[in-house]
Amino acid sequence: MNEETISVLVCDDEEDIVEVTRGCLDAKGFTTRGATSGAEAVELVRNSPPDILLLDIMMPGMSGIDVIKALRAEEATKNLPIVVLSALVDADNVIRCFDEGADDYIIKPPDFDEMSARLRRHVMANRNNSSGAISPRIQSGFGTGKLKMVETAVKQIALAAQLAQEKKDNEFQLQCLERIRGFCSYAIKIINEAKSKD
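Definitions and cut-offs
Residues numbered from 1 in each chain as written. Predicted model: local features only at pLDDT ≥ 70, side-chain atom pairs only at ≥ 80, totals over all residues. Heavy atoms only, no water. Buried < 20%, exposed > 50% of the residue type's maximum accessible area, 1.4 Å probe, protein only. Helix = DSSP H or I, 4+ residues; strand = E, 2+ residues; numbered from the N terminus. Pairing = 2+ DSSP bridges. Right-handed = clockwise from strand over helix to strand, strands pointing away. Axes fitted to C-alpha atoms, helices over the stretch in contact; angles between N-to-C directions. Contact = heavy atoms within 4.5 Å. Expected span 1.5 Å × (residues − 1). Polar contact = N/O pair within 3.5 Å; in protein donor to acceptor, adjacent residues only side chain to side chain.

A.B. asks: Give a detailed account of the pairing of strand β3 (residues 52-55), specifying residues and quantitative values.
C.D. replies: A two-sided burial pattern is seen for β3, the buried positions comprising Ile52 and Leu54 on one face and Leu53 and Leu55 on the other. Of the pairings in the sheet, the one linking strand β1 (residues 7-11) to β3 comprises four bridges and is parallel in character. Along β3, the bridge assignment pairs Val10 with Leu54. Of the pairings in the sheet, the one linking β3 to strand β4 (residues 82-86) comprises three bridges and is parallel in character. Across the sheet, residue Leu54 finds its bridge partner in β4, namely Val83. For the handedness criterion, the β-α-β arrangement of β3, helix α3 (residues 64-72) and β4 is classed as right-handed.

A.B. asks: Go over the sheet that holds strand β5 (residues 104-107), please, and point to the residues and values.
C.D. replies: Read across the sheet, five strands follow the order β2-β1-β3-β4-β5 without closing on themselves; strand pairing throughout is parallel. Every interior strand has two partners, whereas the edge strands, β2 (31-35) and β5, have only one. Taken pair by pair, the neighbouring strands of this sheet meet at an average axis angle of 20°, ignoring direction. Against the sheet, helix α1 (residues 15-27) engages β1, β2, β3 and β4, with an angle of about 170° to β2. Running over the sheet, helix α2 (residues 38-47) touches β1 and β2 and is turned about 135° from β2.

A.B. asks: Which residues make up helix α5 (residues 112-128), and what values go with them?
C.D. replies: Taking 1.5 Å of rise per residue, 17 residues should cover 24 Å, and α5 covers 24 Å from first to last C-alpha, within 8% of that figure. Buried within α5 are the following residues: Phe112, Met115, Ser116, Arg118, Leu119, His122, Val123 and Arg127. Capping the start of α5 is the job of one residue whose side-chain oxygen sits 3.0 Å from the backbone nitrogen of Asp113: Asp111.

Right under this line is the structure:
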């Protein structure tokens, strides 16, 4: 596997989103394939694993959560980097994705420069652990996996605060505050779990 080449499987039930996302990633040097259902994504991963899976959550039939569960349950794909790309912004959905085994969560529409950097980071981290080292996802204590979860929570808190400041709408601001509360609770939970293992 070439150090410079990263293969991405893009899965979304909306074909136009798959094509736009693939086009942007191709332009940034990735090689991409597309899937328009969870079942198709699982089959493609099993037959020819990509370096990373970019996955929508809300899909008919086999949801993104179902895909994560299926891949994490198999030895060959349990450490495949999975990044969720979703329009769902509430903390409960984000937390559930991480709890099921997602490595990252990106809100639609993405900043493609930032998303590309995050995809590369996850693939490089996975390659560095392919020699038999324990996956960052299952390290004990406050390892890389925990740090990534807390990092994502902090980024989402900052984003929610920025959105609340920019949009002068009381109902929307209350939603942002609820989102901040949820992510704060999640970050505290992760920190306490790590402290309990010290």
